[in-house]
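Chain residues, written in single-letter form:
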Amino acid sequence: MPPECPKAAPWTEADLLAALTAPDAEALFTRAHALRLQTKGNAVFLRGLVELSSICARDCLYCGMRRSNLNAHRYAMDDDEILACASLAQQLDFGTVVLQAGECPQLWTRERVAELVRRIKGETGQRVTLSLGERSEADTAAWRAAGADRYLLRFETSDRALFTHIHPGAETTPGGEHPRLAQLRRMKAQGYEIGSGVMVGLPGQTLRSVARDLLLFRELALDMVGLGPYIPHPETPLGREATPSEVPATVDFTCRCYALARLLLPHANIPSTTALSTIDPVHGRERGLTSGANVFMPNLTPANRREGYLIYPGKICVRAPEADSLSALHALFAKLGLRHVSA
Ligand code: 5AD
């Protein structure tokens, strides 16, 4: 466990709302970056993202990979192809691979994922983060036993009505708890480092609910916070909806959330996300990495597969994977006084 000091800021919902809407956030970004230097030094952790498959059984209203999008290109990588991505992460000295896929338990069975985790750990020594959606306690227990270190499952929004609206068929839990929170708590008890997060700027989302999202990060004692702007996808119901959002899906607002997440969870790992780089390919990374974020997740999905994993349009590095090139990243880190540390 990290030392108790520095402590999480005792923010209230009203404090957070004020910080989210203040006319200027420069002081907030500076404070969050200083805290990140205190808790993480000048290290940036790189996590190699491997997008295993675009086949998805869910029909989330915002996601381009939703089952009903008949125009989406579907693919699934085989185990050797996945192992090759993990070897690349090893060669590049990343330290961690993130295995993410559309939800499809038939494809990503308990046994297959456990075997993949064992092979990756045994053959490449990389740590393994799983991001395979909503799964049973028995599945995540088996994967933990096989050596999986971390699990990412965004709760997307703490607003229950909005969550239910954008996730058709979402499980109803006894007591009405947010369906993904139960899984996050279970996985924490199983010994995973847990990551969660939200999209900002969803139609119908309120500023107050984002303040509550941030408080929930602290309440869950998240080890990782992944958060990005919502990007409308024209081939989804939400992408075609005109409902406005009180929440701006901007670089400034996303970075305010990184900064507040840092102040609420001083030791958390917070990536500057692909969605942020997508809305500002020139300055997004830099803005993220100077407002509290300390992780970057280069995409290691083979170039010929990337076009299939379009959760939102314009996703960077789909047409030009070299935009994600390591030399450009290292140059940026040097400019910011940061350095890559394998972890
Ligand atoms: N815009 C931004 N982020 C999205 N995600 C899914 N669809 C979109 C979109 N249209 C995010 C969700 C999911 C993660 C893998 O991608 O937060 O958890």
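Just above sits the structure.
These notes cover the structure that comes with them. All figures in this text were calculated on a predicted structure; none of them were measured in a lab. (Residues numbered from 1 in each chain as written. Predicted model: local features only at pLDDT ≥ 70, side-chain atom pairs only at ≥ 80, totals over all residues. Heavy atoms only, no water.)

**Here we look at the packing of aromatic side chains**
Counting across every chain of the model gives 2 aromatic pairs. Consider the rings of Tyr-151 and Tyr-192, whose centres lie 6.0 Å apart with planes at 90°: the pair is edge-to-face. Linking Tyr-151 in strand β4 (residues 150–152) with Tyr-192 in the loop between α7 (179–189) and β5 (193–196), this pair joins segments that are 41 residues apart in sequence. For the pair shown, Tyr-151 and Tyr-192 are each scored as buried. Taking the centre distance of 5.8 Å and the plane angle of 55° together, the rings of Phe-155 and Phe-217 count as tilted. Taken together, the positions of Phe-155 in the loop between β4 and α6 (160–166) and Phe-217 in helix α8 (residues 207–219) put the pair 62 residues apart, joining distant regions of the chain. As far as the burial class goes, Phe-155 and Phe-217 line up, both buried. The ring of Tyr-192 is capped by Arg-144, whose NZ or CZ atom sits 5.8 Å from the centre of that ring. (Phe/Tyr/Trp six-rings, centres within 6.5 Å; stacked < 30°, edge-to-face > 60°. Helix = DSSP H or I, 4+ residues; strand = E, 2+ residues; numbered from the N terminus. Buried < 20%, exposed > 50% of the residue type's maximum accessible area, 1.4 Å probe, protein only. Lys NZ or Arg CZ within 6 Å of the ring centre and 35° of its normal.)

**Here we look at the pattern of salt bridges**
Tallied over the entire structure, the rule returns 23 salt bridges. Ionic pairing is found between Arg-118 and Glu-115, a salt bridge with its closest N-O pair at 3.4 Å. Of this pair, Arg-118 and Glu-115 are both found in helix α4 (residues 110–124), 3 residues apart, which corresponds to roughly one turn of the helix. Note on Arg-118: relative accessible area 44%, which makes it partly exposed. For Lys-188, the salt bridge goes to Asp-223, with nearest N and O atoms at 3.2 Å. Of this pair, Lys-188 sits in helix α7 while Asp-223 is found in the loop between α8 and β7 (224–225), placing the two residues 35 residues apart along the sequence. (Salt bridge = Lys/Arg side-chain N within 4 Å of Asp/Glu carboxyl O.)

**Digging into the site of the ligand**
Around the ligand sit Tyr-62, Cys-63, Gln-100, Arg-154, Glu-156, Met-199, Pro-229, Tyr-230, Ile-231, Ile-311 and Tyr-312, and that is every residue in its neighbourhood. Within the backbone of Tyr-62, a nitrogen or oxygen atom sits 3.1 Å from a nitrogen atom of the ligand. Glu-156 is positioned with one of its side-chain polar atoms (N or O) 2.6 Å from an oxygen atom of the ligand. Burial of the ligand by the protein amounts to 87% of the accessible area it has alone, namely 400 Å². Cavity membership is defined here by more than half of the atoms lying within 2 Å of grid points; on that basis the ligand lies in the largest cavity. (Near = heavy atom within 4 Å. Polar contact = N/O pair within 3.5 Å; in protein donor to acceptor, adjacent residues only side chain to side chain. Areas by Shrake-Rupley, 256 points an atom, 1.4 Å probe, with all protein chains shown as cover. 1 Å grid on protein atoms, 1.4 Å probe; cavity = no way out; pocket = protein on both sides within 12 Å on 5 of 7 lines; lining within 4 Å. Sits in = over half its atoms within 2 Å of the grid points.)

**Points about the pairing of β5**
In this structure, β4 lies alongside β5, joined through 3 bridges in parallel fashion. In the strand pairing of β5, Arg-150 is matched with Glu-193. Both β5 and β7 contribute to a ladder of 2 bridges, which runs parallel. Across the sheet, Gly-195 pairs through a bridge with Met-224, a residue of β7. (Pairing = 2+ DSSP bridges.)

**What about unusual backbone geometry?**
Among all residues except glycine, the phi angle is most often negative; among peptide bonds, the trans geometry is most common. Of note, Asp-93 is a non-glycine position whose phi angle comes to about 65°, a positive value. Of note, Asp-93 is situated in the loop between α3 (79–91) and β2 (96–101). Assessed through its relative accessible area of 47%, Asp-93 is described here as partly exposed.

**Focus on the environment of Ala-141**
Along the chain, Ala-141 falls in helix α5 (residues 137–145). Taking C-alpha positions, Ala-141 is 13 Å from Thr-109, a pair spaced 32 residues apart along the chain.

**Some details on the side chain of Arg-180**
With respect to the element layout, Arg-180 can be found in helix α7. In contact with Arg-180, not counting residues within four places along its chain, are Glu-103, Glu-134, Leu-153, Arg-154, Phe-155, Glu-156, Phe-163 and His-167. (Contact = heavy atoms within 4.5 Å.)

**Some words on helix α1 (residues 13–21)**
Listed as buried for α1 are Glu-13, Leu-16, Leu-17, Ala-19 and Leu-20. The arc enclosing the buried residues of α1, seen along the axis, measures out at 165°, which places them on a common side. Contact partners of the buried residues in α1: α2 (26–40), α8 and α10 (251–264). (Arc of directions from axis to C-beta.)

**Things to note about the nonpolar core**
Judged by nonpolar contacts, the single largest core of 95 residues is most densely connected at Leu-99, Leu-130, Trp-143 and Phe-217. When residues in this core are grouped by element, the largest group, 10 residues, is from α10. Core analysis: the second largest hydrophobic core is formed by 7 residues, Phe-45, Val-98, Val-295 and Ala-343 among them. (Core = buried A, V, L, I, M, F, W, Y, C linked by side-chain atoms within 4.5 Å.)

**Digging into empty space enclosed by the protein**
Tallied over the full model, the rule gives 3 cavities of 30 Å³ or more. Taken as a whole, the largest cavity holds about 1,000 Å³ of empty space. What lines the largest cavity is a set of 47 residues, among which Gln-100, Ser-131, Arg-154, Glu-156 and Ile-311 lie closest to the centre. Contributing elements (two or more residues each) for the lining of the largest cavity: β1 (43–53), β2, β3 (127–131), β4, β5, β8 (228–229) and α11 (274–279). Each residue belonging to the lining of the largest cavity can be placed in one class, and the counts come to 24 nonpolar, 12 polar and 11 charged. (Points joined across faces, edges and corners; volume = space filled by probe spheres on them. Nonpolar A, V, L, I, M, F, W, Y, C, P; charged D, E, K, R; others polar.)

**Points about the pairing of β3**
Summarising burial for β3: 4 of the 5 residues are buried, a large majority. In the sheet, β2 pairs with β3 via 5 bridges, with the strands oriented parallel. Residue pairing for β3: Val-98 is matched across the bridge by Thr-129. Handedness of the β-α-β unit built from β3, α5 and β4 comes out right-handed. (Right-handed = clockwise from strand over helix to strand, strands pointing away.)

Purely geometric stuff here, so don't read any function into it on its own.
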